[in-house]
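Single-letter residue listing:
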Amino acid sequence: HLPVNMDGTCNGLQHLSAMLKDEVGGKAVNLLDSNEPQDIYGEVAEKLSKILEADTNPLSEVWKPIVNRKLVKTGTMTTPYGVSEYGLKDQILDQAKESLDGYTVDKFRASVYLADRLGEAIKSVVVGAKNTMDWFDTLVEESDQLFLKWRTPLTDFPVIQSYQKTKKKRINLFIGSQRVQLHLHKKTDVPAEGKQKSGFSPNFVHSIDACMLMETLVRLFNERNVREFSLIHDSYGTHANYIEDLHEILRQVFVDIYKNGDILQSIKSQLGGTTEPPKLGELDLKEVLISKYFFH
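I will try to describe carefully the structure that is included in this document. (Residues numbered from 1 in each chain as written. Predicted model: local features only at pLDDT ≥ 70, side-chain atom pairs only at ≥ 80, totals over all residues. Heavy atoms only, no water.)

As for the layout of surface pockets
Phase 1 of the analysis: Empty space within the largest pocket amounts to approximately 420 Å³.
Phase 2 of the analysis: Around the largest pocket, the lining is made up of 20 residues, and of these Gly-82, Val-83, Ser-84, Lys-130 and Met-133 lie nearest the centre.
Phase 3 of the analysis: Of all the elements in the fold, those that place two or more residues in the lining of the largest pocket are helix H6 (85-96), helix H7 (107-125), helix H8 (127-142) and helix H9 (193-223).
Phase 4 of the analysis: Among the elements that make up the lining of the largest pocket, the one with the highest residue count is H7 (six residues).
Phase 5 of the analysis: Within the lining of the largest pocket, the residues separate by chemical class into six nonpolar, six polar and eight charged.
Phase 6 of the analysis: Its boundaries defined by the atoms lining it, the second largest pocket holds a volume of some 340 Å³.
Phase 7 of the analysis: For the lining of the second largest pocket, the secondary-structure elements that each account for two or more residues are helix H1 (11-19), helix H3 (40-53) and helix H5 (69-78).
Phase 8 of the analysis: Residue contributions to the lining of the second largest pocket peak at three residues, all from H5.
Phase 9 of the analysis: Residues that form the lining of the second largest pocket fall into these classes: six nonpolar, nine polar and five charged. (1 Å grid on protein atoms, 1.4 Å probe; cavity = no way out; pocket = protein on both sides within 12 Å on 5 of 7 lines; lining within 4 Å. Points joined across faces, edges and corners; volume = space filled by probe spheres on them. Helix = DSSP H or I, 4+ residues; strand = E, 2+ residues; numbered from the N terminus. Nonpolar A, V, L, I, M, F, W, Y, C, P; charged D, E, K, R; others polar.)

Have a look at this one:
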């Protein structure tokens, strides 16, 4: 009766690294087997520290003693989901506001400075993920679809990304002698191009997340007679006596999603793009099958 959950290592980056068979990013998020779990947040923090050490900007001195795993975790985790430089700035400001209290420095300016350096550090650790996300932007620009449509691998689940422009209408109401203004937003049939572009990378990754979850449950249900699950996004759980089944099936499903190496070609074809995706790396995805810390 004991529920046990296992979580992926920065799951969005696991998917983006697998799409491009990126050895560096794949190793950082435990797609390869190792005796000790890889700590991508610690690695990003170390890269960021080296960037600050080499920087002559006076603001680097403010951040050098503050940089740690906790400071970079949220920014690294949200990178696959399209966090902007301003988003990184807000995350940093929230994480470090108490640490900056002892410094006579503009916290906003200091956070903008570090957001730029943190983005550089993250990109150096997950090069393949950044290249894939940049290509996704190009793909959306090239697509002739008003609203993007694709199907997930394995499950063939249809996904429609529908961000629409809205028209605003102002309505005046009177309560007694007092006027109250309401603003109603009505969706149009015109796509919101900015959101279509910025939303695709996170939505595509989420759709693959969902595909993996659905396929894992179906196989556990049909092949291993498992009926009890505890699930939150990339946290997979079941009763303790089924953990070995879960361990095995979710790894096999992940490998099956990417084993043909054509997921980027497939989405290019579905959206009608013309630019070729980035060149695949040399990551051996079969290592996932024996990676102890892929999900743990």
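Having seen the model, we can carry on.
Some thoughts on H3
Phase 1 of the analysis: Taking 1.5 Å as the rise per residue, H3 with 14 residues should run 20 Å; its terminal C-alpha atoms sit 20 Å apart, in good agreement.
Phase 2 of the analysis: On the buried face of H3, the contacting elements are H1, helix H2 (23-28), helix H4 (59-63), H5 and H7. (Expected span 1.5 Å × (residues − 1). Contact = heavy atoms within 4.5 Å.)

What about a nonpolar patch on the surface?
Phase 1 of the analysis: Side chains of Phe-221, Phe-229 and Leu-231 sit close together on the surface and give an oily, nonpolar patch of about 230 Å² of accessible area.
Phase 2 of the analysis: Residue classification places Phe-229 among the partly exposed residues on the basis of a relative accessible area of 30%. (Patch = residues over 30% accessible without salt bridge, like charges linked within 9 Å, V, L, I, M, F, W, Y side chains within 5 Å. Areas by Shrake-Rupley, 256 points an atom, 1.4 Å probe, with all protein chains shown as cover. Salt bridge = Lys/Arg side-chain N within 4 Å of Asp/Glu carboxyl O. Buried < 20%, exposed > 50% of the residue type's maximum accessible area, 1.4 Å probe, protein only.)

Comments concerning the sheet that holds strand S1 (residues 3-7)
Backbone hydrogen bonds hold the strands of a sheet together, and the pairing may be parallel or antiparallel.
Phase 1 of the analysis: Strand order in the open sheet formed by three strands is S1-S7-S6, and the pairing between neighbours is antiparallel. Here the strands that pair on one side only, and so sit at the sheet edges, are S1 and strand S6 (230-232). Pairs of neighbouring strands in the sheet enclose a mean axial angle of 15°, with direction left out of account.
Phase 2 of the analysis: Direction of pairing for S1 relative to strand S7 (residues 235-239): antiparallel, over a ladder of five bridges. Pairing of Pro-3 across the sheet is with His-239, part of S7.
Phase 3 of the analysis: Strands in contact with H9 are S6 and S7; relative to S7, the strand with the most contacts, it is inclined by about 15°. (Pairing = 2+ DSSP bridges. Axes fitted to C-alpha atoms, helices over the stretch in contact; angles between N-to-C directions.)

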